[in-house]
Amino acid sequence: MANKTKKEKNNEIEPQTEIEIAAMQEESAAAEAENLTPNTEMDLCAETGMPVANPDIASEPEEATVKKPAKRKKKSDAQNESTEESVAMPKKKPEKKRASVKPIQVISIDEQRSVETEADKEKNDLIDLMESLRVGKVLAGTIQGVERSSDNHSMAVIYHGAFKIVIPAEEAVIPPDDYRDQNPADVLHYLLTKRLGAEVDFIVKGIDKDANVAVASRLDAMKSKRKQYYFGTDREGNNLLYSGQCAEARVVSVIRAGIFVDIFGLEVYIPLRELSYQRIMNAAEYFRPGQRILVKILELDRTDKNNIKVTASVKQSAENPYEKALRRYVVDNRYVGTVSMVDTNGVFVALDGGVDCLCSYPKRGRPPRGARVTVRILGISHETNRIWGAITHIATPN
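Residues numbered from 1 in each chain as written. Predicted model: local features only at pLDDT ≥ 70, side-chain atom pairs only at ≥ 80, totals over all residues. Heavy atoms only, no water.

1. A short note on the overall build of the protein chain
Here is step 1 of the chain: Counting its secondary structure elements, the protein chain contains 8 helices and 16 strands.
Here is step 2 of the chain: A burial count over the protein chain gives 30% of its 398 residues as buried.
Here is step 3 of the chain: Considering only residue pairs separated by 6 or more positions, the protein chain has 57% of its internal contacts joining residues 24 or more positions apart.
Here is step 4 of the chain: When the accessible surface of the protein chain is summed, it comes to about 26,500 Å², and 50% of that surface belongs to carbon and sulfur atoms. (Helix = DSSP H or I, 4+ residues; strand = E, 2+ residues; numbered from the N terminus. Buried < 20%, exposed > 50% of the residue type's maximum accessible area, 1.4 Å probe, protein only. Contact = heavy atoms within 4.5 Å. Areas by Shrake-Rupley, 256 points an atom, 1.4 Å probe, with all protein chains shown as cover.)

2. Concerning helix 6 (residues 184–193)
Here is step 1 of the chain: If you check which residues of helix 6 are buried, you get Val187, Leu188, Leu191 and Leu192. Down the axis of helix 6, the buried set is contained in an arc of 135°. They therefore lie on one face. (Arc of directions from axis to C-beta.)

3. Points about the environment of isoleucine 280
Here is step 1 of the chain: Mapped onto the elements of the fold, isoleucine 280 is located in the loop between strand 9 (267–271) and strand 10 (292–301).
Here is step 2 of the chain: Its relative accessible area of 11% is what places isoleucine 280 among the buried residues.
Here is step 3 of the chain: Sequence-wise, isoleucine 280 and methionine 341 are 61 residues apart; in three dimensions their C-alpha atoms are separated by 7.4 Å.
Here is step 4 of the chain: If near-sequence neighbours (up to four positions away) are discounted, isoleucine 280 is found in contact with Leu272, Leu275 and Tyr286.

4. Some remarks on the sheet that holds strand 13 (residues 346–351)
Here is step 1 of the chain: The strand order 12-13-14-16-15 describes a closed barrel built from 5 strands, whose pairing is mixed. Taking each pair of neighbouring strands and ignoring which way they run, the sheet shows an average axis angle of 50°. (Pairing = 2+ DSSP bridges. Axes fitted to C-alpha atoms, helices over the stretch in contact; angles between N-to-C directions.)

5. Details of the pattern of salt bridges
Here is step 1 of the chain: In the structure shown here, the tally under the stated rule is 16 salt bridges.
Here is step 2 of the chain: For the salt bridge of arginine 250 with glutamate 199, the shortest nitrogen-to-oxygen distance reads 3.4 Å. One end of the pair, arginine 250, is in strand 7 (residues 246–255); the other, glutamate 199, is in strand 5 (residues 199–208), and 51 residues separate them in sequence.
Here is step 3 of the chain: When its relative accessible area of 16% is taken as the criterion, glutamate 199 is described as buried.
Here is step 4 of the chain: Between arginine 369 and glutamate 285 there is a salt bridge, with its nearest N and O atoms 2.9 Å apart. Remark: glutamate 285 occurs in the loop between strand 9 and strand 10 and arginine 369 occurs in the loop between strand 14 (355–359) and strand 15 (372–381); sequence separation between them is 84 residues. (Salt bridge = Lys/Arg side-chain N within 4 Å of Asp/Glu carboxyl O.)

6. Points about the sheet that holds strand 5
Here is step 1 of the chain: The strand order 1-5-6-4-3-2 describes an open sheet built from 6 strands, whose pairing is mixed. Sheet topology places strand 1 (139–142) and strand 2 (145–148) at the edges, where each strand pairs with a single neighbour. Geometrically, the sheet is characterised by an average inter-axis angle of 45° between neighbouring strands, direction not taken into account.
Here is step 2 of the chain: Note: strand 2 against strand 3 (residues 154–160), 4 bridges, orientation antiparallel. Bridge pairing links glycine 145 to valine 157 in strand 3.
Here is step 3 of the chain: On top of the sheet, helix 5 (residues 118–135) reaches strand 1, strand 3, strand 4 (163–168), strand 5 and strand 6 (213–217); it is set at about 90° to strand 5, its chief contact.
Here is step 4 of the chain: Each of strand 4, strand 5 and strand 6 touches helix 7 (residues 218–229); the most contacted strand, strand 5, lies at about 120° to it.

Below is the structure:
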């Protein structure tokens, strides 16, 4: 910049004496000896790609060639760092989006929206579980699975919305009085498996919100139901449940010889003879876990609060079909029916109206169960609600 200043001064101030002219020549010679010529500077700028504003202006090429590329390196490093950060940032963005999910805004038709979003359902499910945990509210659900851990412990699985409810076998089924020399864990697993698909009550004992898992107890819920219905009274002080009353029950387990129903927190066994007025050989053909049926309480003993005894019947909850059906049939006339059961007593034929006609073995041989036959009525007893006859024709299956 010193040379530039001197040249500008020389251009602006015209020399007056020879001494000043000589001094100016000496200064210009010294400048040419110390600095590069304008052609050399232009060549250097052309190699480095640096622009030259004025070829007459001399500069310090060595410092310029060192400083400016250094600045470029810093910029390139900063660009590389910013590029690496921009590549790494998208991996963290999805996590932030999942953590802050905005609720869906829905415009409702009425003042209050009646349609629930997924967020609303999940929130309501959690509120139900929290209420059950805090105040012991009884919830209901269907056993949709039975899981067995590595330590041979079984548990029932119920899904309450997005939450998985786990009920240990010890809290899901009533243990038998006698295990009959069987492994208790295997017996409880069998009893729990027989209740797959059953609708049961439960009370939440713990919740893991992060994993959407809750632990519950069915036995505590049954105890709460028994206290409410078997020892509760109405406004007039009468018991809510009593002998001769009809009630709604839930089928929780089915075996060949009968069914087990849950009557307000009490499991009651109903044998085949109390399931229908017709002859039934296998209860599994007519009932399944999860059904809700109507039963009639025949006997109820609540003297012992810890051991309530109840006997119930399915068929007696409805009107006896024989009282009406027997009026449809006339002795010495023929009617069509279906073989419902064959035993040592004879062949039972189901007639229209829900009645069975007991017939002797035909000479042609015993007809198979489910075969269509023609029956001639031999007698009717309205006192005992019985009808008997003889098979005259067996339809040939296609």
